[in-house]
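# Overview (structure and organization)
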Amino acid sequence: MNIAFAGNPNVGKTAIINAIAGSKLKVGNWPGVTVEKKEAEVEFKGKTITLTDLPGVYSLSPYSIEERITRDFIFEQDPDCIVNVIDSTNIERNLYLTLLLMETEKPLIIALNMFDEFKKLGYEIDLEGLSEMLGVKVVPTSAIKREGLQKLMEISISCPKEHKKLDYKLRYDGFLESEIMDVVKKLKQHVINTRYPLRWIAIKLLERDEYAKEKLKKELGMDISKLADENIKRIEERFGDDAETVLAESRYGIINGILKKVFKKTKKDDYTITEKLDKIFISKSLGIPIFLLFMYLTFKFTFDGSAPFIDWFDGFVNDYIAKYISLGISQAPDWLKSLLIDGILGGVGLVLSFLPLMFFLYFFLALLEESGYMARAAFLMDRVMSSLGLNGKAFIPMILGFGCNVPAIYATRALERETDRKLTAVMVPFMSCGARLPIYALFTAVFFSTHRATVVLSLYLLGIAVAFMVGLILRKTEYFKEDKAPLLLELPPYRLPTLSMIWASVWARTKAFIVKAGTVIALAMVLLWGVIYLPANSSLENSILGKTAKAVSFVFKPAGFDDWRIVASIIPGVIAKETVVGALSQTLKIHQDSEDNKQSSNFLQDTKEQIAGFFQAIGSSFKSMFLSFSQDTFELESFKNSYKDKLSKIMTPLSSFSFMVFMLLFIPCIVTLAAIKQEFGWGLMVFEIGLLAIVPYIISVIIYQGGKLLGFD
């Protein structure tokens, strides 16, 4: 049995599925998170039920990819039941989609979600009256409090049977209804067999729905697009407006009529908390400074909170795990010991040591997302995006790009126009994804230890600035040329995120990082080990990687980082940006040199020290985030000690900043490129590769040469 959950963005569809199935679907409180259907399975009363999470949409008109996905799924996959999830605090707007779903004549149930908030606002509704007027069963729910979900599932599994007994009571006014029925009558003379209800086809013809016309033409083998022309003409002559607008206004009229009978407010309207906060957070004078402050605090708390855990994790991997693995394989061939210790454990272990950093970043991003603030960031950026012919909605994929570029590319599906999607996809890789953060953490620990948060924030802002600059230039070309689209973006109410919501978001992203470290990055580190240690018995400088890096290193001299060991770390970065720090550990021989300083082995004592170190890291993390107010309160001691001597001999603060800028803007990981190819084809992917090879080089050269002229080197 398949139950599909449909509704506007931010109504809690995914949260309900998570609450029912205990699944780990991505939960968000802002538009653009669910851009394709996702599923979870649950056993309920002896039945295996698939819960399908459809994209958040406001209508079923195929103006966006999300709307096409939803409408095509409803008709082509034919779910046993559709649960229309409604934000009960915004019932009037949400009911418009309900009427559209009723027109599909599919088995339907309404879940009035966030009903606990609805009652707090002093609203009352006659549930039986609403159900009677629509001809659809209505269940009040609260995904956060897990209220009403049992009843919702019980009604859902009987939904197909009950549907046969129900008659949806949606009817337009006399004149419109007669025109719809006239088109239905004509259709009966031409259409013999189709999956689409004749009444729905009639309405789509009256609305001039070109997507529906094409679908029907393919299915029926005939063109019926002109069948309703006379009816359209009569409607437009009578109402003085196009037929689609007339039908939409009629639906809103039906909604208003229903709500006047079943809905009432028992409290006097007052400014809500959301309205009060929005007066500050999206004001013209304070909105942008507050956004920058939030981003700065995010990076400061991320670095200050994670630094003790990074130091502990690095010691745990390299001084504890590596020590005992080395003892365990002491009799193995030298090449195998080198592969396991220097290649896999040295590289992947270093990448995983940044796991606390990623966890803290994802935690604070989840707070901003789930609270409803990120939608305000998109709203604030509408003014800036308008210069690119885009609206603030295009900033949503860019914000997603701070976490990972891959879902950000897929999130461009929320944009209605193809040129907007392509331009946004070109701009997304300039957003600094979480995979680049370990690079910043390493170099700022060595060269900018007292200004880490400021330096990292400057990199994030530079990425945004370069993305806008490139977008501005490309928008003037014929391929990307388009007028500005109006902003239609929902600003969800501010909500205090629950721990379960935060954990679902953080775990999904952290798990993806761990899986990537265990698969893509591990493979990359094995390949890197191979090109470092081949030909056999050759020195690192004479290896395949060393010779390749030395051959091209002169190109990077104007950018300030022409040492072949630094250039060599860029190469595996195309596979995954996390491999850069792992590559540096091998080209700089960090962990090989540390082997000479091994202490005697005492497993019990070492284990106790690691446990004690972990609890010490917890205390240090809390202290550095909340009990100290200096700009940066904790340094990555293990990385400073390991890397400072070697990096400071071949780089300066200016050249290290130039290198970080290059890695910020350079070609993203292969998974991002695959996503671009899947969404837009080979052409745009090849264009993106070329663009992301040229732009970072130019910007890093400008920064390094400009810095030298200003005396910063």
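- As recorded in an unreviewed UniProt entry, the chain goes by the name Ferrous iron transport protein B, listed as coming from Hippea maritima.
- What UniProt states about the chain under its Subcellular location (unreviewed entry) heading is, verbatim, "Cell inner membrane".

### Some remarks on the pattern of salt bridges
- On inspection of all chains with the given rule, the structure shows 28 salt bridges.
- Residue Glu 124 is joined to Lys 264 by a salt bridge in which the shortest nitrogen-to-oxygen separation is 3.7 Å. In this pair, Glu 124 is assigned in strand β6 (residues 123-125) and Lys 264 in strand β8 (residues 263-265), connecting sequence segments 140 residues apart.
- A relative accessible area of 49% means that Lys 264 is categorised as partly exposed.

### Here's the deal with the pairing of strand β1 (residues 2-7)
- Most of β1 is tucked away, with six of its six residues classed as buried.
- Side chains Asn 2, Ala 4 and Ala 6 of β1 all project onto a buried face; the interleaved residues Ile 3, Phe 5 and Gly 7 project onto the opposite face, where all are buried too.
- Relative to strand β3 (residues 47-53), β1 is paired through four bridges, and the arrangement is parallel. In the strand pairing of β3, Ile 3 is matched with Leu 51.
- Summarising the sheet, β1 and strand β4 (residues 81-87) pair through five bridges and their orientation is parallel. When the bridges of β4 are listed, Gly 7 appears paired with Val 85.

### Re the sheet that holds β4
- The strand order β2-β3-β1-β4-β5-β7 describes an open sheet built from six strands, whose pairing is mixed. Of all strands in the sheet, those with a lone pairing partner are β2 (38-44) and β7 (137-140), marking the two edges. When the angles between neighbouring strand axes are averaged without regard to direction, this sheet yields 25 degrees.
- Strand contacts of helix α5 (residues 127-134): β5 (108-113) and β7, with the helix running at about 150 degrees to β7, the strand carrying the most contacts.

### Quick notes on the UniProt feature "transmembrane region" (unreviewed entry) in the chain
- Taking the UniProt record as the reference, the feature "transmembrane region" (unreviewed entry) is found at residues 280-299, 344-368, 388-411, 423-448, 454-475, 513-534, 654-676 and 682-704.
- Structurally, residues 423-448 comprises 62% helix and 0% strand, and the distance from its first C-alpha atom to its last is 34 Å.
- Along residues 654-676 the backbone is 83% helical and 0% strand, and the end-to-end C-alpha distance reaches 33 Å.

### Some words on a nonpolar patch on the surface
- A cluster of nonpolar side chains, namely Phe 359, Trp 503, Trp 507 and Ile 514, defines an oily patch on the protein surface of about 340 Å² accessible area.
- Here the element with the most residues in the nonpolar patch is helix α24 (residues 499-533); it accounts for three residues.
- Relative to the helices and strands, Trp 507 is located in helix α24.

### Considerations on the packing of helix α3 (residues 91-103) against helix α12 (residues 243-262)
- Across the interface, α3 lies against α12 with an axial gap of 10 Å and an inter-helix angle of 115 degrees. When the axes of α3 and α12 are compared, the crossing they make is right-handed. When α3 is examined against α12, the residues Ile 91, Glu 92, Leu 95, Tyr 96, Leu 99, Leu 100 and Glu 103 are found in contact with a partner set consisting of Ala 248, Arg 251, Tyr 252, Ile 254, Ile 255, Asn 256 and Leu 259.
- Of the residues assigned to the contact of α3 with α12, the class counts are 10 nonpolar, one polar and three charged.

### Points about α3
- The terminal C-alpha atoms of α3 lie 19 Å apart, and with 13 residues this matches the ideal 18 Å at 1.5 Å per residue to within 8%.
- Most of α3 sits out of view: 11 of its 13 residues are buried.
- Among the residues trailing α3, Glu 105 stands out with phi positive, at a value near 60 degrees.

### Notes on the state of the cysteines
- Scanning the model with the defined rule gives zero disulfides in all.
- Cys 404 forms no disulfide, and the closest cysteine sulfur to it belongs to Cys 669, at a distance of 6.3 Å.

### A closer look at unusual backbone geometry
- Backbone geometry at Asn 10 places phi at a positive 70 degrees, although glycine is not the residue there.
- On the secondary structure map, Asn 10 appears in the loop between β1 and α1 (13-21).
- Backbone geometry at Glu 105 places phi at a positive 60 degrees, although glycine is not the residue there.
- By the element assignment, Glu 105 lies in the loop between α3 and β5.

### Examining the packing of aromatic side chains
- Considering all chains together, one arrives at 42 aromatic pairs under this definition.
- Against the face of Phe 175 rests Arg 238, its NZ or CZ located 4.4 Å from the ring centre.
- For the cation-ring pair, Arg 376 lies above Tyr 494, with the distance from its terminal atom to the ring centre recorded as 4.1 Å.

### A word on the environment of Val 580
- Residue placement: Val 580 occurs in helix α27 (residues 579-587).
- On the basis of relative accessibility, which here comes to 0%, the residue Val 580 falls in the buried class.
- Spatially, the C-alpha atom of Val 580 lies 7.0 Å from that of Ile 439, the residues being 141 residues apart in sequence.
- Ignoring anything within four residues of it in the chain, the contact list for Val 580 reads Ile 439, Ser 569, Gly 573, Phe 659 and Met 663.

What counts and what doesn't
- Residues numbered from 1 in each chain as written.
- Predicted model: local features only at pLDDT ≥ 70, side-chain atom pairs only at ≥ 80, totals over all residues.
- Heavy atoms only, no water.
- UniProt positions renumbered as here; feature names shortened; annotations may be inferred.
- Salt bridge = Lys/Arg side-chain N within 4 Å of Asp/Glu carboxyl O.
- Helix = DSSP H or I, 4+ residues; strand = E, 2+ residues; numbered from the N terminus.
- Buried < 20%, exposed > 50% of the residue type's maximum accessible area, 1.4 Å probe, protein only.
- Pairing = 2+ DSSP bridges.
- Axes fitted to C-alpha atoms, helices over the stretch in contact; angles between N-to-C directions.
- Contact = heavy atoms within 4.5 Å.
- Patch = residues over 30% accessible without salt bridge, like charges linked within 9 Å, V, L, I, M, F, W, Y side chains within 5 Å.
- Areas by Shrake-Rupley, 256 points an atom, 1.4 Å probe, with all protein chains shown as cover.
- Left-handed = near helix turned anticlockwise from the far one by under 90°.
- Nonpolar A, V, L, I, M, F, W, Y, C, P; charged D, E, K, R; others polar.
- Expected span 1.5 Å × (residues − 1).
- Disulfide = S-S within 2.5 Å.
- Phe/Tyr/Trp six-rings, centres within 6.5 Å; stacked < 30°, edge-to-face > 60°.
- Lys NZ or Arg CZ within 6 Å of the ring centre and 35° of its normal.

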